[in-house]
Amino acid sequence: MLNNQTDMPLHLFHHGENFNAYQTMGAHFVKIGKKLQCVFRVWAPRAVAVSLIGDFNGWDENATPMERMVDGETFEVFVSGVKQFDAYKYCITTLDGRKLYKADPYAFHSETPGVYSSNSSKVYDLSGYKWEDKAFLDEQKNKNIYQSPLNVYEVNLLSWKKKADGNYLTYRELAKDLVDYVKKMNYTHVEFMPVMEHPFDGSWGYQVTGYYSVTSRLGTPHDFMYLVDCFHKAGIGVILDWVPAHFPKDDFGLFEFDGAPLYEPEQLDRRENEGWGTRKFDYYRAEVLSFLISNAIFYFEKYHIDGLRVDAVASMLYLDYEKKPGEWTPNIYGENKNLEAVRFLRRLNEVVFSSYPHALMIAEESTAWPMITKPTDVGGLGFNFKWNMGWMNDVLSYVSVDPLFRRHHHNKLTFSMMYAFSENYVLPISHDEVVHGKASFIGKMPGSYEEKFAGVRAFLGYMFSHPGKKLNFMGAEFGQFKEWAYKEGIEFFLKEYPMHAKLSDFTKELNEIYRSVPALYEIENSWDGFEWLEANDNDANFIAYQRKDSQGNKLVALINFSGKDHIGYRLGLDKGKYQLILNSDSLRFGGSGKMKKRVLKTERKYSHGKEYSIAFDIPKLTCLYFIKTI
């Protein structure tokens, strides 16, 4: 029966405005009088009948029928004798007489996927974990993230490191090894590829069957809380990949949940993402909005995460995404925009920021859709950051070309500054760029063994001085040559070899310089923080610019992407002394060590529109950072 505690939550749920739906739906221990029971609730509007099956009733389909609630669409039952970790499913009888055995969409824990797994949900009480991250969370409230360093280490938790027997590290083991490593390497944040339950490792977590359930492969929900807590106590923020664009067609999941499309659209041309073999969410249905927005809030509330990277936003925004003419129906204005998805994304960001104003909401969006990171009240989608996929594609294409021919592709280095301030960007070198024959990050670099490492160092110096926050995928930091393989850990043994160890040292120091020099991160939304010194010398494969902070302090970046040294390269600069703080060609980083001078002074010689200049000797494939001291 419906009671006063569920009247309003269900009313809001059916209007797309219950953003804590997980408090009502799913399985919850409740005390009725002196008796502890577990209440189960599931939304299945077209079901003829629903029964609860599980460890507590011998999986008997007739033992525990669920009662249809007053809303007519939700089923409920109170059960005694249920224990923590008991497995269960819903047996749904459809209009055409079929019986479907479905996992709970709101389950907090799941059976570990595997060959013999029944993919059942498990009863789990999330309460009881004692958080120790208050100091970190309070610190975030006083931080302006736009003017702060954001340097993200992207990780697949199932394959960052494996045990000797091939098994995964648990959440609690990662809480030591991974936290220590990320802190040692001077990253500010870690981003986990999806940790929500998924049946197939090879989906990398992007085909989710348990949206409220962190994968049980690595432990319990409390274990995952401990991992986040440890990152926070180490001063490191945690971002989760989140997949509200589509879900897989596993028969126990959301797929045609009550016998027909429910979480997916009724319209055939909007239902399927053929390229991924998945179903899209129906953003028109109010209950789906409650499900998804509640899911976002759930991870902030229950797991103290700091942000969500929202996957595949372009696939949500466009009705013709990866479709041919005639395969899609325009919206009411005759356009290809998915108006319901736009409404959902705006509402999502409004709700998240109203409760968590310091959250990171990062869109992975690969098109020129305008105002992704602008507020919703001025027509934006309301994210606060967007991955700069255009920059990523351009620069990886550039560095893959032999230096002999880079002169013909110079615009790929500089074009990003034409739009750098149109959105709040994250510069990503992500997992997608080191798989499926694209080659590893270092594997993209042409040249000899030593030149490949030099190319990586020069590129990272360019990346970290370019406007925009930073993200790099695991393994790039020490130059793994092999493409990422989800079944294997990354090859940490390579650090036993000098060039890999030195690249790791370079990455660590570059991360520290980035965090400690405000000019590299403080002004990223206007030309006030950036000035070209040389943008057009394609023959020399050379660029130079300076970054400025709010106090007027300047960092000068010079990058020689050519395969030859530039001797006496004169560059116009503001009058003063310049101290070298980063030399990617240093011997200790695996370079040639040709550059000896650490302080240079301008001469009164006109160059590049400036009265003063310096003649630099810049080794091939090298990035130099200078700080203006006087």
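This text follows the structure it describes.
The present account deals with the structure reproduced in this document. (Residues numbered from 1 in each chain as written. Predicted model: local features only at pLDDT ≥ 70, side-chain atom pairs only at ≥ 80, totals over all residues. Heavy atoms only, no water.)

Let's talk about the packing of helix H11 (residues 449-465) against helix H12 (residues 498-516)
Heads up, the condition is: Orientation is described by axes fitted as lines to C-alpha atoms, over the contacting stretch for helices, and by angles from 0 to 180 degrees between their N-to-C directions. Think of it this way: any DSSP run of H or I at least four residues long counts as a helix, any run of E at least two long counts as a strand, and we number them from the N terminus. By definition in this entry, angles of less than 35 degrees are roughly parallel, angles greater than 145 are roughly antiparallel, angles of 65 to 115 are roughly perpendicular, and the rest are oblique. Residues count as neighbours in contact if any of their non-hydrogen atoms are within 4.5 Å of one another. Nonpolar residues are Ala, Val, Leu, Ile, Met, Phe, Trp, Tyr, Cys and Pro. Charged residues are Asp, Glu, Lys and Arg, and all others, Gly as well, are polar.
As a packed pair, H11 and H12 sit with axes 11 Å apart at the nearest point and diverge in direction by 10°. Considering the angle they form, H11 stands roughly parallel to H12. Across the interface between the two elements, Tyr449, Glu450, Phe453, Val456, Arg457, Leu460, Gly461 and Phe464 from H11 touch Met499, His500, Leu503, Phe506, Thr507, Leu510, Asn511 and Tyr514 from H12. Partitioned by chemical class, the residues of the contact of H11 with H12 number 10 nonpolar, four polar and two charged.

Looking at the sheet that holds strand S2 (residues 35-43)
Convention followed: A strand pair is defined by DSSP finding two or more bridges across the two strands.
Strands sit in the order S1-S2-S5-S4 across an open sheet of four strands; the sheet is antiparallel. Two strands in the sheet have a free side with no partner beyond their single neighbour: strand S1 (26-32) and strand S4 (67-68). In the sheet, S2 pairs with strand S5 (residues 74-80) via seven bridges, with the strands oriented antiparallel. Within the sheet, the bridge partner assigned to Val42 lies in S5 and is Phe75.

Some details on the state of the cysteines
To keep it simple, the criterion reads: Put simply, a disulfide is two cysteine sulfurs that come within 2.5 Å. Residue burial is assigned from relative accessible area. The probe radius is 1.4 Å, only protein chains are included, and a residue is buried under 20% of its type maximum, exposed over 50%, and partly exposed in between.
Taken as a whole, this structure holds zero disulfides when the rule is applied. Here Cys38 is not disulfide-linked; the sulfur of Cys91 is the nearest cysteine sulfur, at 18 Å. Here Cys91 falls in the buried class, since its relative accessible area comes to 2%.

Things to note about the pattern of salt bridges
Applied cut-off: Salt bridge, as applied in this entry: a Lys or Arg side-chain nitrogen positioned within 4 Å of an Asp or Glu carboxyl oxygen.
Inspection of the entire model under this criterion finds 40 salt bridges. The partner of Asp223 in a salt bridge is Arg172, with the nearest N and O atoms 2.6 Å apart. One end of the pair, Asp223, is in helix H4 (residues 221-233); the other, Arg172, is in helix H3 (residues 171-184), with 51 residues separating them in the sequence. For Arg172, a relative accessible area of 40% gives the class partly exposed. Across the pair Arg279 and Glu264 runs a salt bridge whose closest N-O atoms are separated by 2.9 Å. Highlighted residues: Arg279 in strand S17 (residues 278-280) and Glu264 in the loop between strand S15 (246-247) and helix H5 (268-271), separated in sequence by 15 residues. Residues Arg279 and Glu264 agree in their burial class; the two are buried.

Let's talk about unusual backbone geometry
Glycine aside, negative phi is the norm for most residues, and most peptide bonds take the trans geometry. Phi is positive for Glu256, which is not a glycine, with a value near 40°. With phi around 50°, Asn541 is a residue other than glycine that occupies positive phi space. Examined against the element boundaries, Asn541 turns out to sit in the loop between strand S23 (530-537) and strand S24 (542-548). Given a relative accessible area of 3%, Asn541 falls into the buried group.

Brief notes about the pairing of strand S22 (residues 469-473)
Rule in force here: Throughout, right-handed denotes a crossover for which the path from the first strand over the helix to the second runs clockwise when the strands point away from the viewer.
Taken across its five residues, S22 has five buried, putting it largely inside the fold. Because side chains alternate across S22, one face comprises the buried residues Lys469, Leu471 and Phe473, and the other comprises Lys470 and Asn472, equally buried. Relative to S22, strand S21 (residues 425-429) is paired through four bridges, and the arrangement is parallel. Within S22, the position partnered with Val426 by the bridge is Lys469. In terms of handedness, the path from S21 via H11 over to S22 forms a crossover that is right-handed.

Considering the sheet that holds S21
Taken together, eight strands build a closed barrel; the order of strands is S10-S11-S14-S18-S19-S20-S21-S22 and the barrel is parallel. Between one strand and the next, the sheet's axes are offset by a mean angle of 25°, whatever the strand orientation. Here strand S10 (residues 151-155) pairs with strand S11 (residues 189-192) via four bridges, running parallel. Residue pairing for S11: Val155 is matched across the bridge by Phe192.

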